[in-house]
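Residue-level listing of the chains:
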Amino acid sequence: MSAHQYDEGHTVAGWTGFGIATVGTAVLGLGVCTVSGVVMAGGLAITAVGALVTWALHLAGWGKPPGRRPREQWGMRVRDTSARQGHAGCVGCRMAGRGGSRTPVVEPRAGAPAEPVAVESVG
């Protein structure tokens with residue numbers, strides 16, 4: 001039995017972004033303590049770079065799609081092969097112009113009309 005029973009999202013993209021963002025916030029805190037605008041701006045820039053690196057790694061397949069993954073994909077070194085097409089419901093994939101549209105495609109049920117039916121409102 002493993003130490004945890006849930007997919008906690010440990011990925012190369014997540015940990016790399018966390019590390020860079022931690023350094024950025026530490027530099028930002030140093031800038032606040034020393035009252036240095038230049039150091040604070042540097043900390044903000046490092047934090048922004050962390051977000052961009054995380055996004056790039058996610059798009060390269062080193063992140064994870066939203067939601068739970070199958071157990072065999074829980075390992076940190078498992079690359080996500082579906083990242084090229086984009087993940088449904090993923091804001092990062094949508095921002096990159098990959099798949100994941102906001103409105104789900106609804107398949108008509110058997111016996112349902114193929115075209116939408118206009119409904120008039122009363123009142």
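None of these values were measured; they are calculated from a predicted model.

Colleague: Any chance you could break down the overall build of the protein for me, citing the residues and the numbers?
Modeller: In terms of regular secondary structure, the protein is built from three helices and zero strands. Here the protein holds 123 residues, and the buried ones make up 20% of them. Within the protein, counting contacts between residues at least 6 apart in sequence, those at least 24 apart form 52% of the total.

Colleague: Give a detailed account of the packing of helix α1 (residues 12-34) against helix α2 (residues 37-62), specifying residues and quantitative values.
Modeller: Taken N-terminus to C-terminus, the directions of α1 and α2 make an angle of 175 degrees; their axes are 7 Å apart at the nearest point. Judged by the angle between their axes, α1 and α2 are roughly antiparallel. When the residues that make up the contact of α1 with α2 are grouped by side-chain class, the tally is 17 nonpolar, eleven polar and no charged.

Colleague: Outline the confidence of the model for the protein, supporting the account with residue identities and numerical values.
Modeller: Per-chain confidence: the protein averages 80 in pLDDT, with 73% of residues scoring 70 or above. A low-confidence stretch, residues 102-106 (pLDDT under 50), is modelled with one contact involving residues beyond four sequence positions or located in other chains.

Colleague: Would you mind going over the side chain of histidine 87 in detail, with residue names and values included?
Modeller: With respect to the element layout, histidine 87 can be found in the loop between α2 and α3 (91-95). Of note is the side chain of histidine 87, whose polar atom sits 3.4 Å from the side chain of histidine 58.

Colleague: Before we move on, can you summarise the state of the cysteines with the specific residues and values?
Modeller: Scanning the model with the defined rule gives zero disulfides in all. Here cysteine 93 stays unpaired: no disulfide links it, and the sulfur of cysteine 90, its closest cysteine neighbor, is 3.6 Å away. We classify cysteine 93 as buried; its relative accessible area is 1%.

Colleague: Could you give an account of the packing of aromatic side chains, naming the residues involved and the relevant values?
Modeller: To describe a pair of aromatic rings, you give the distance between the ring centres and the angle between the ring planes. The final tally for this structure, using the stated rule, is one aromatic pair. Plain terms: the ring middles of tryptophan 15 and phenylalanine 18 are 5.5 Å apart, the flat faces sit at 90 degrees to each other, and that makes the pair edge-to-face. Taken together, the residues span about one helical turn, with tryptophan 15 and phenylalanine 18 both in helix α1 at a distance of three residues. Judged by relative accessible area, which is 43%, tryptophan 15 ranks as partly exposed.

Colleague: Residue-level account of α2, with values.
Modeller: All of the buried residues in α2 are Gly43, Gly50, His58, Leu59 and Gly61. Contact partners of the buried residues in α2: α1 and α3.

Colleague: I'd like to hear about unusual backbone geometry, residue by residue, with values.
Modeller: Despite not being glycine, valine 35 shows a phi value in the positive range, around 50 degrees. The residue valine 35 is located in the loop between α1 and α2 in this model.

Colleague: So what's going on with a nonpolar patch on the surface? Residues and values would help.
Modeller: On the surface, a cluster of nonpolar side chains totalling about 330 Å² of accessible area is made up of Trp15, Phe18 and Met76. Checked against the element boundaries, methionine 76 lands in the loop between α2 and α3. On the basis of relative accessibility, which here comes to 38%, the residue methionine 76 falls in the partly exposed class.

Conventions and cut-offs
Residues numbered from 1 in each chain as written. Predicted model: local features only at pLDDT ≥ 70, side-chain atom pairs only at ≥ 80, totals over all residues. Heavy atoms only, no water. Helix = DSSP H or I, 4+ residues; strand = E, 2+ residues; numbered from the N terminus. Buried < 20%, exposed > 50% of the residue type's maximum accessible area, 1.4 Å probe, protein only. Contact = heavy atoms within 4.5 Å. Axes fitted to C-alpha atoms, helices over the stretch in contact; angles between N-to-C directions. Parallel < 35°, antiparallel > 145°, perpendicular 65-115°, else oblique. Nonpolar A, V, L, I, M, F, W, Y, C, P; charged D, E, K, R; others polar. pLDDT = per-residue confidence, 0-100. Polar contact = N/O pair within 3.5 Å; in protein donor to acceptor, adjacent residues only side chain to side chain. Disulfide = S-S within 2.5 Å. Phe/Tyr/Trp six-rings, centres within 6.5 Å; stacked < 30°, edge-to-face > 60°. Patch = residues over 30% accessible without salt bridge, like charges linked within 9 Å, V, L, I, M, F, W, Y side chains within 5 Å. Areas by Shrake-Rupley, 256 points an atom, 1.4 Å probe, with all protein chains shown as cover. Salt bridge = Lys/Arg side-chain N within 4 Å of Asp/Glu carboxyl O.

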